[in-house]
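Report on the structure
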There are 2 protein chains.
Amino acid sequence: MVETTNSDIYTILKERVLSGQYNIKMRLPTEDALIEEFNVSRYAIRKAIKQLVNEGLVYSVKGKGVVVLEQTPQTKEINLSLAKINGLQSLNSDQKIDRKTIIADFQQIIVDEKLHQKTSFSVGVPVYAIKRVRRINTKNAVLDINYFNAQIVPEITPEIASGSIYDYIKKDLQMKIAVVKRQLRIEHATQIDYEHLNLGINNCVGNMVSFAFNDDGKQFEYTESHFIPDNFIFNQIIKF
Amino acid sequence: MVETTNSDIYTILKERVLSGQYNIKMRLPTEDALIEEFNVSRYAIRKAIKQLVNEGLVYSVKGKGVVVLEQTPQTKEINLSLAKINGLQSLNSDQKIDRKTIIADFQQIIVDEKLHQKTSFSVGVPVYAIKRVRRINTKNAVLDINYFNAQIVPEITPEIASGSIYDYIKKDLQMKIAVVKRQLRIEHATQIDYEHLNLGINNCVGNMVSFAFNDDGKQFEYTESHFIPDNFIFNQIIKF
DNA sequence: GAGTGGTCTAGACCACGGT
DNA sequence: CCGTGGTCTAGACCACTCC
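Presented here is an overview of the structure given in this document. No experiment lies behind these values; they were computed from the predicted model shown.

**A word on the protein's contact with DNA strand D**
- Near DNA strand D there are 22 residues, and of these A:Arg42, A:Arg46, B:Thr5, B:Ser41 and B:Tyr43 occur at the shortest range.
- The separation between a phosphate oxygen of DNA strand D and a polar side-chain atom of A:Arg46 is 2.7 Å.
- Residue B:Ser41 places a side-chain N or O atom 2.4 Å away from a phosphate oxygen belonging to DNA strand D.
- Counting residues per element, the ones that place at least two in the surface near DNA strand D are α3 (42-54), β1 (58-61) and β2 (65-68) of chain A together with α3 (42-54) of chain B.
- Grouping the amino acids of the surface near DNA strand D by side-chain chemistry returns five nonpolar, eight polar and nine charged.

As structure tokens, then:
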């Protein structure tokens, strides 16, 4: 007897949707039909479909069925990036770009009132303050300004920072990263942006502000990533 | 006997988390404890907790419990906006700003090859092409460039466009909006941006590109919303 | 080993869509 | 009216965390 688990069903259904197998009436088979085909419970089927919904491939309508959304080259790109986020792949600031990292600044400092307002770390907490430039295709494309709570993420070195701090956190410190909350905005370029980034004729940067939490619920990181305009692209799906 | 449904449980738990009632050990009660308290099945409890997870208020860890994430003024803002997206409230381009809408252009045209590449509408399809300026606090803050498939969304008039096209779609046409896929990016300002927006010293705009689908899975809209830098703010949560 | 959340099953009833 | 997905219950087993 072959084991067919929820994750397998998801993979199979996804493949069928992408290959256009369900395009005839723009519908998936009913849940009952899928239960029979895979010989599993309704729970497993619904879970697999929910995952497809989250990726923006299909949409469930009560009383009607599961509708397949039109696929075009333009929207496929968005689907792809969202599959990565909801799946295991992380496109975190630390590992999405591994071309070349240049450390522009590395200090250990104590949080003062002003830094508290920005980072939401408590006043008096020791933090690592790191500035790194990401070089992509011979362009300085991203400036990362990191603050790590040194009580939670201790003993960061410039060597670690020149690689992946997230790898260090996960593999060496055995700490679990739970959630990253982000805000995306556009800001007028500052002195430091002009110094480190190849802005060209542009006078603005994309700013991705991140607050990262571990599985104890504690915030261990505050980061600003300043992007040059060309490299700032984010995708999202709104469900109604 | 009082009915306690999943949605009520969510509301109650959320209130407790926000009021800091579960902050003592940074944990929620176990699922079994909540099942007893509310006298419902595990399904209902898990569904309510899942909603809190999606809003970034808590995080479930297998074998450990449901952890409450640290709340700071800076991150509360992000939580709020995500509660709206995942809930019913829509902050769609059409209705989040109702200060003042100025119609800059209104035409009905046929999709050619170039427009097809951009919008992913098929060549030959008739579309409404509309440009509208959103004025906020005496500033021209957003330029909306809409293309609606006229076969799916017929008979748009300048009068409708000066109000809310989404209201027209939902209330008058009785069409269901299923999904909106978006891409956020930064672009160098073009001639048309300078004409219609109060860019000030900035020479870039935030571009929110939207593809909207109805519950038949058909794309009925392509929109570019050009934001002046101050008004371009988006939030997101990444779960690991 | 005890306790926790994650997965899964089997079944019931409800709400909505289309005929 | 029938067929569909949405909600909910009751119970089982597994995987992980922590003592």
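**Re the protein's contact with DNA strand C**
- Of all residues adjacent to DNA strand C, which total 22 residues, the nearest are A:Thr5, A:Ser41, A:Tyr43, B:Arg42 and B:Arg46.
- Within the side chain of A:Lys47, a nitrogen or oxygen atom sits 3.2 Å from a phosphate oxygen of DNA strand C.
- One nitrogen or oxygen atom from the main chain of A:Gly63 is found 3.3 Å from a sugar or linking oxygen belonging to DNA strand C.
- Elements supplying a minimum of two residues to the surface near DNA strand C: α3 of chain A together with α3, β1 (58-61) and β2 (65-68) of chain B.

**Some thoughts on the sheet that holds strand β8 (residues 219-227) of chain A**
- Read across the sheet, seven strands follow the order β3(A)-β4(A)-β5(A)-β8(A)-β7(A)-β6(A)-β9(B) without closing on themselves; strand pairing throughout is antiparallel. Only two strands of the sheet have a single neighbouring strand rather than two, namely β3 (100-110) of chain A together with β9 (233-239) of chain B. Shown here is a sheet whose adjacent strand axes are inclined to one another by a mean of 15 degrees, direction ignored.
- By the bridge criterion, seven bridges tie strand β6 (residues 177-188) of chain A to β9(B) in an arrangement that is antiparallel. In the sheet register, A:Gln183 faces β9(B), and the bridge partner there is B:Asn235.

**Points about the pattern of salt bridges**
Residues and elements named next belong to chain B.
- Inspection of the entire model under this criterion finds 22 salt bridges over all chains.
- Across the salt bridge formed by Asp 105 and Lys 131, the nearest N and O atoms sit 3.7 Å from each other. Placement of Asp 105 in strand β3 (residues 100-110) and of Lys 131 in strand β4 (residues 126-136) is noted, with a sequence separation of 26 residues between them.
- Its relative accessible area of 21% is what places Lys 131 among the partly exposed residues.

**Side note on the environment of A:Lys181**
- Along the chain, A:Lys181 turns up in strand β6.
- Expressed as a C-alpha distance, the spacing of A:Lys181 and A:Ser210, which sit 29 residues apart in the sequence, is 5.7 Å.
- Apart from the residues within four sequence positions on either side, A:Lys181 is in contact with A:Val209, A:Ser210, A:Phe211, A:Phe213, B:Gly56, B:Leu69, B:Thr75, B:Ile78, B:Asn79, B:Gln236 and B:Ile237.
- Looking at A:Lys181, its side chain comes within polar contact range of the side chain of B:Asn79, at 2.7 Å.

**Notes on unusual backbone geometry**
- At A:Gln174, a position not held by glycine, the phi torsion is positive, near 55 degrees.
- As for its placement among the helices and strands, A:Gln174 is situated in the loop between α7 (165-172) and β6.
- The class of A:Gln174 is exposed, set by a relative accessible area of 60%.
- Phi at B:Glu155 is positive, roughly 55 degrees, even though this residue is not glycine.

Conventions used here
Residues numbered from 1 in each chain as written. Chains lettered and ligands numbered in written order. Predicted model: local features only at pLDDT ≥ 70, side-chain atom pairs only at ≥ 80, totals over all residues. Heavy atoms only, no water. Near = heavy atom within 4 Å. Polar contact = N/O pair within 3.5 Å; in protein donor to acceptor, adjacent residues only side chain to side chain. Helix = DSSP H or I, 4+ residues; strand = E, 2+ residues; numbered from the N terminus. Nonpolar A, V, L, I, M, F, W, Y, C, P; charged D, E, K, R; others polar. Pairing = 2+ DSSP bridges. Axes fitted to C-alpha atoms, helices over the stretch in contact; angles between N-to-C directions. Salt bridge = Lys/Arg side-chain N within 4 Å of Asp/Glu carboxyl O. Buried < 20%, exposed > 50% of the residue type's maximum accessible area, 1.4 Å probe, protein only. Contact = heavy atoms within 4.5 Å.

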